[in-house]
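Examining the three-dimensional arrangement
Each chain is listed here by its residues.
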Amino acid sequence: MSVRVRIPTVFRKYTDQQSLVEVDSGTLSSVVDQLESRYPGIKGQLLSSDGELHRFVNVYVNDEDVRYLGKLETKADDGDEVSLLPSVAGG
Amino acid sequence: MSEHLKIPQAIADEMVAHCLESRPNEACGVLANEGAALVKVFRMRNASASPLRYSLDPREQLAVYRKLDDEGWDLAGVFHSHTRTEAYPSPTDVRLASEDVPYLIVSLASAAPDIRAFRIRKESWGAEEGEIEELDVTLGD
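The text that follows walks through the structure, step by step, so that each part is easy to find. If you're wondering where the values come from, they're calculated on a predicted model, not measured in any experiment.

Basis of the calculations
Residues numbered from 1 in each chain as written. Chains lettered and ligands numbered in written order. Predicted model: local features only at pLDDT ≥ 70, side-chain atom pairs only at ≥ 80, totals over all residues. Heavy atoms only, no water. Pairing = 2+ DSSP bridges. Helix = DSSP H or I, 4+ residues; strand = E, 2+ residues; numbered from the N terminus. Axes fitted to C-alpha atoms, helices over the stretch in contact; angles between N-to-C directions. Contact = heavy atoms within 4.5 Å. Phe/Tyr/Trp six-rings, centres within 6.5 Å; stacked < 30°, edge-to-face > 60°. Buried < 20%, exposed > 50% of the residue type's maximum accessible area, 1.4 Å probe, protein only. Lys NZ or Arg CZ within 6 Å of the ring centre and 35° of its normal.

Further remarks concern the sheet that holds strand β3 (residues 37–44) of chain B. Note on sheets: strands pair through backbone hydrogen bonds, and any given pair is parallel or antiparallel. Residues and elements named next belong to chain B. Strand order in the open sheet formed by 6 strands is β3-β2-β5-β6-β7-β8, with mixed pairing between adjacent strands. For this open sheet the edge positions go to β3 and β8 (131–134), each flanked by a neighbour on one side alone. The average undirected angle you get between the axes of adjacent strands in this sheet is 30°. Sheet contacts for helix α1 (residues 9–22): β2 (28–34), β3, β5 (74–82), β6 (103–107) and β7 (114–121); angle to β3, the most-contacted strand, approximately 10°. Where helix α2 (residues 58–71) meets the sheet, its contacts fall on β2, β3 and β5, and the angle it forms with β3 comes to roughly 160°.

Another aspect to go through is the packing of aromatic side chains. All names here are of chain B. What the rule picks out here adds up to 2 aromatic pairs over all chains. Look at tyrosine 88 and phenylalanine 118: their rings are 5.2 Å apart centre to centre, the planes differ by 80°, and that puts the pair in the edge-to-face class. On the criterion of sequence distance, the pair formed by tyrosine 88 in the loop between β5 and α3 (91–96) and phenylalanine 118 in strand β7 is long-range, its members being 30 residues apart. Assessed through its relative accessible area of 34%, tyrosine 88 is described here as partly exposed. Note on phenylalanine 118: relative accessible area 0%, which makes it buried. When the ring centre of phenylalanine 42 is taken as reference, the NZ or CZ atom of lysine 40 above it lies at 5.5 Å.

Before going further, it helps to spend a moment on the sheet that holds strand β4 (residues 57–61) of chain A. In space, the 5 strands of this open sheet follow the order β2-β1-β7-β4-β5 (chain A), with mixed pairing throughout. This sheet does not close on itself; its edge strands, each paired only once, are β2 (20–23) and β5 (64–65) of chain A. Relative to β2 of chain A, strand β1 (residues 3–6) of chain A runs antiparallel, the two sharing 4 bridges. Pairing of arginine 6 of chain A across the sheet is with leucine 20 of chain A, part of β2 of chain A. Its contacts with the sheet put helix α1 (residues 28–38) of chain A on β1, β2, β4 and β7 (81–86) of chain A, and the angle it makes with β2 of chain A is roughly 115°. Across the face of the sheet, α2 of chain B comes into contact with β1, β4, β5 and β7 of chain A while running at roughly 110° to β7 of chain A.

Written as structure tokens, this is what we have:
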């Protein structure tokens, strides 16, 4: 068992075009670090310079927005799914 | 040579219908392709509910992106309407562009809706400035 991470189109250039990546369970911070060790550069896309989630990215663990859970300390357990979503907006 | 985007008439008609039905607010949604062909319009809710702004509802976006993966489709584009201005990216469109796919704009400013498509290229994801490149769009089957 592991955690499945759904990678949106905009980040697939970092993941060899993989749309689904499996990592070990842990906090979202640990998930991001595991992604970075495998796909260098992706962490800088997900986090802003202050180390928090970039304001243009929404992250869900299963169906819950981590901003309303524990943000980067949100736990992703075996069998959970983490979805990274770019915020899509304009005028 | 500019990038080319072929939009089947049924796809164009559905985008325009969603935009007309959403007036006076801007409409938004995404397009899916299978291989090189556009196959699906996802009509989505404008979470901003505004005639001047649009934003996808992240929860609906999550469901749509899961559907794309489940169907083996790819995200082919993001579309939205301009209800009173031309089909060209506004400064806000450039500032908030985040997806690495064509952005389509449907203008309802004239009696005949106008569809144009653009790439908004940025030095880094999340940058607030970007270069606009227009795609060569053809409508029809």
